[in-house]
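Below, each chain spelled out in residue letters.
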Amino acid sequence: MITRKRPAAVVCALLAVLTAGLAFPAGAAAGEPTGQDAPKVDLVLDVSGSMRARDIDGQSRMAAAKKAFNEVLDATPEEVELGIRTLGADYPGDDRKTGCKDTAQLYPVGPLDRTEAKTAVATLTPTGWTPIGPALLKAAGDLDGGDGGDGSKRIVLISDGEDTCAPLDPCEVAREIAAKGIGLTIDTLGLVPTAKLSRQLSCIAEATGGTYTSVEHQDELTDRVNQLVDRAADPVVTPVATEGATECAKAPTLKSGLYTDREEFGQQRWYRVDVLPGQELRASVSVAADRAVNPDYGVLLRAVTVHGREIVRGEAAGGGRTDVISTGLRYPKPEREDSDSDKPAAEAVCLAVTNSYSAASGVKTTPGLPLELTVDVVDGPSHASDVASFGLGRGWWLLGVLILTGFLAGLVWGWLSRWRVAVWRTN
């Protein structure tokens, strides 16, 4: 019996060592403090009378919003301070002046008590007006608080109707908030939106570098709000506005970063990036349909030399079931072995963005569609720490370890089998 246990112990020890090597890779670190203030999110929910409409998966818009909020509250990261503000929740009357003041803080921005927040959401009933502008002003105050913190601040506005309190234009309110320089982003979601609502919510989001999404199903609402809350915990990156050219020779030269632009239907926009030998260009583009478009559309991103030769391309297509499509590309520029210069010359790579969107009947084509371009120039594969030897990805390391593990386990198992047969024959 003792003789039999020893090989089994060897096998267990071998597998334990291999498993430990896989489970604890060198240099792994997570959860380190960033030194920034806690990220803050204020969910601003329209509770006006129109939220009674039953057109979201057979239930009312209000019921869908409540279910989505409950799931979002369960999934909110611990480090995010979250609050909930309502608009149109309390005043059912016809007095416009009173109705346009109907916005209240349902749950204060701060550490989240999930049970308390869910209880507050459960009390909501569709009631009154749609004072989007006043609600945004109050929500900005909820997040700013005069503390001047450096954590990210995000308003997520969910509405099923356009503002009813003009002349306080919510687009102007959003621009006013952006002009304060408090680093606040407003994202908007339209529940079963009309064309007019889509334009208004797009304008609000664009003013602060946020996003607009149209929603017609509850799972879409839940997923999108969860994404936006999670995004608040990510490092803050402020997009830089740029304007692409109609040809490569006139294109703006971009550094690594995040850029926004507008692209007309069926238009091509050009940008330039300088890439040194030994570096790799990584670029991605997203184009959003912020208005009604015809189905079957696509986006093409190409890297081209200044002489017009295509280097590499990325493309994506949509069929009318998504508001945003994205694609990307990578171009590693090899080192020059024959170069004697200490400062090798950079290559100007032209990025061409083309879309095949077409506007639906009666829809305005101006301004162009929102475009977001990400540019990253890093050390090439021969120097980059995120690429394994021989230019292969990390997945090949795991495959190699698994093959080695299987080979060693097979040897040990074969030796054990032969030993057991020998013992059986001897006995």
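What you are looking at is a predicted structure, and each value in this text was computed from that prediction instead of being measured.

1. Notes on the overall build of the chain
Broken down by element type, the chain carries 9 helices and 15 strands. Looking at the chain as a whole, 42% of its 427 residues are labelled buried. Residue pairs at least 24 apart in sequence account for 75% of intrachain contacts in the chain once pairs closer than 6 positions are excluded. Working note: accessible area of the chain is about 22,800 Å², and carbon and sulfur atoms make up 54% of it.

2. Some details on the nonpolar core
L43, L45, I158, L189, L221, V225 and V229 are the most contacted members of the largest nonpolar core, which totals 31 residues. Those elements that place two or more of their residues in this core are strand 1 (40–46), helix 2 (61–75), strand 2 (81–87), helix 4 (114–122), strand 4 (153–159), strand 5 (184–191) and helix 8 (218–232). Ranked by the residues each element gives to this core, the list is headed by helix 2, at 7 residues. Other than its neighbours up to four places away in sequence, L221 contacts A64, A65, A68, I158, L189, L191 and V215. If you look at the next biggest cluster of nonpolar residues, it comprises 26 residues, including V273, V353, L369 and L371.

3. Quick look at the packing of helix 6 (residues 170–179) against helix 7 (residues 195–207)
When two helices pack together, their arrangement is captured by the angle between the axes and the distance separating the axes. Interhelical geometry of helix 6 versus helix 7 gives an angle of 10 degrees and a closest axis separation of 8 Å. Between helix 6 and helix 7, the interaxial angle falls into the category roughly parallel. Each of P170, C171, A174, R175 and A178 in helix 6 lies in contact with helix 7, whose residues at this interface are Q200, C203, I204 and A207. Each residue belonging to the contact of helix 6 with helix 7 can be placed in one class, and the counts come to 7 nonpolar, 1 polar and 1 charged.

4. Topic: the sheet that holds strand 14 (residues 347–355)
Neighbouring strands of a sheet are bound in pairs by backbone hydrogen bonds; such pairs are parallel or else antiparallel. Spatially, 9-14-11-12 is the arrangement adopted by the 4 strands of the open sheet, whose pairing is antiparallel. Both outer strands of the open sheet, strand 9 (268–275) and strand 12 (310–318), are each paired with one neighbouring strand and no more. Between one strand and the next, the sheet's axes are offset by a mean angle of 15 degrees, whatever the strand orientation. Taken together, the 8 bridges between strand 9 and strand 14 define a ladder with antiparallel strand orientation. In the strand pairing of strand 14, Q268 is matched with T354.

5. Remarks on the pattern of salt bridges
Taken as a whole and assessed by the stated rule, the structure comprises 15 salt bridges. R175 is the salt-bridge partner of E172, the closest N and O atoms lying 2.7 Å from each other. Here the residue E172 and the residue R175 both occupy positions in helix 6, the gap between them amounting to 3 residues, near one helical turn. Accessibility expressed as a relative area gives 45% for E172, which makes it partly exposed. The residue R330 makes a salt bridge to E280 at a minimum N-O spacing of 2.8 Å. Here E280 lies in strand 10 (residues 279–288) and R330 lies in strand 13 (residues 324–332), a separation of 50 residues in the sequence. Using a relative accessible area of 3% as the deciding quantity, one classes E280 as buried.

6. Quick notes on the state of the cysteines
Per the stated rule, a full pass over the model turns up 3 disulfides. Across a sulfur-sulfur distance of 2.3 Å, C171 and C203 are joined as a disulfide pair. A residue pair is termed long-range when its members are at least 10 positions apart, and C171 in helix 6 and C203 in helix 7 qualify at 32 residues. Taken as a pair, C171 and C203 share a single burial class, namely buried. Taken in N- to C-terminal order, the disulfide-linked cysteines of the chain are connected 1-2, 3-4, 5-6.

7. Remarks on the confidence of the model for the chain
Mean pLDDT over the chain: 83, with 83% of residues reaching 70 or higher. In the predicted structure, residues 1–35 sits below a pLDDT of 50 and forms 12 contacts with residues beyond four places in sequence or in another chain. This model gives residues 383–394 a pLDDT under 50, and the stretch forms 11 contacts once residues within four places in sequence are excluded.

Conventions we followed
- Residues numbered from 1 in each chain as written.
- Predicted model: local features only at pLDDT ≥ 70, side-chain atom pairs only at ≥ 80, totals over all residues.
- Heavy atoms only, no water.
- Helix = DSSP H or I, 4+ residues; strand = E, 2+ residues; numbered from the N terminus.
- Buried < 20%, exposed > 50% of the residue type's maximum accessible area, 1.4 Å probe, protein only.
- Contact = heavy atoms within 4.5 Å.
- Areas by Shrake-Rupley, 256 points an atom, 1.4 Å probe, with all protein chains shown as cover.
- Core = buried A, V, L, I, M, F, W, Y, C linked by side-chain atoms within 4.5 Å.
- Axes fitted to C-alpha atoms, helices over the stretch in contact; angles between N-to-C directions.
- Parallel < 35°, antiparallel > 145°, perpendicular 65-115°, else oblique.
- Nonpolar A, V, L, I, M, F, W, Y, C, P; charged D, E, K, R; others polar.
- Pairing = 2+ DSSP bridges.
- Salt bridge = Lys/Arg side-chain N within 4 Å of Asp/Glu carboxyl O.
- Disulfide = S-S within 2.5 Å.
- pLDDT = per-residue confidence, 0-100.

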